[in-house]
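This is what each chain is made of:
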Amino acid sequence: MTIKINDAALRHARQLIKDSRTARDTRDDWSEHAPDTEQENAFIDKHGYAAYGTWHLGEDSEKTPETKGRYSFPFGDFRRLHRCAILAIESRAAQNDHDEIARAAKSLLKELDKD
């Protein structure tokens, strides 16, 4: 598994923050706020896998592009970036030695918490 930072997703996350399309929720809210399989499939059906990928900070280029398995570390509900998701990403990425993704999450948190 070679998960790398998804640059398109990082740009998308920064734009969501800039546009104030964020949810300033708390650390443990992500399990309740994360899209379920039905919501993911509906988004993919409407927008495609490339757009789906822009909601995930991790990408495994060894996996087929037209699959959910290619993308990891989701950060939003297809409308807003969730602070709780970024917190979860930072922790999980660090625990699993995805240092580049953990650093990106940390930088997104700084941008979110500026206000």
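Preceding this section is the structure that the text describes.
Note that residues are indexed from 1 along each chain, following the sequence as it is written. Restriction of local features to residues with pLDDT of at least 70 applies here, the model being predicted, together with a cutoff of 80 or more for giving and counting side-chain atom pairs; totals for whole chains, interfaces and linings are based on all residues. As a convention, hydrogens and water are excluded, and side-chain values are obtained from all of the structure's heavy atoms.

1. Structural notes on the pattern of salt bridges
Side chains that differ in sign of charge can pair as their charged atoms come close. Worth spelling out the cut-off: Just to be clear on terms, a salt bridge is a Lys or Arg side-chain nitrogen sitting within 4 Å of an Asp or Glu carboxyl oxygen. The way it works is that DSSP assigns letters per residue, a run of H or I at least four long becomes a helix, a run of E at least two long becomes a strand, and they are numbered from the N terminus. Buried residues are those whose accessible area, probed at 1.4 Å on protein chains only, stays under 20% of the maximum for their type, while exposed residues exceed 50% and partly exposed ones sit between those limits.
The final tally for this structure, using the stated rule, is six salt bridges. Measuring nitrogen to oxygen at the nearest pair gives 2.9 Å for the salt bridge that ties Arg14 to Glu111. Here Arg14, found in helix H1 (residues 7-18), pairs with Glu111, found in helix H6 (residues 99-112); they are 97 residues apart in sequence, far enough to count as distant. With a relative accessible area of 35%, Arg14 lands in the partly exposed category. On the basis of relative accessible area, Glu111 is assigned to the partly exposed category, the value being 22%.

2. Things to note about H1
Formally: Expected helix span is taken as 1.5 Å per residue step, with the number of steps being one fewer than the number of residues. As used here, the arc is the angular range of directions from the helix axis to the C-beta atoms. Working rule for contacts: check all heavy atoms of both residues, and any pair within 4.5 Å makes them a contact. Between N or O atoms, a polar contact is any pair within 3.5 Å; within protein, one atom must be a potential hydrogen donor and the other a potential acceptor, and residues adjacent in sequence are included only when both atoms are from side chains.
In a regular helix each residue adds 1.5 Å, so twelve residues correspond to 16 Å; H1 covers 17 Å between its end C-alpha atoms and thus fits that length. Burial in H1 covers these residues: Ala9, Leu10, Ala13, Leu16 and Ile17. One face of H1 carries all of its buried residues, which in axial projection span an arc of 120 degrees. Opposite its buried face, H1 presents the exposed residues Arg11 and Lys18, each directed more than 90 degrees away. Next to the buried residues of H1 lie strand E1 (3-5), strand E2 (22-23), helix H4 (49-53), strand E3 (56-60), strand E5 (81-82) and H6. Of the residues flanking the start of H1, the one acting as N-cap is Asn6, its side-chain oxygen 3.3 Å from the backbone nitrogen of Ala8. Positioned one or two residues after H1, Ser20 has a phi angle of 60 degrees, which is positive.

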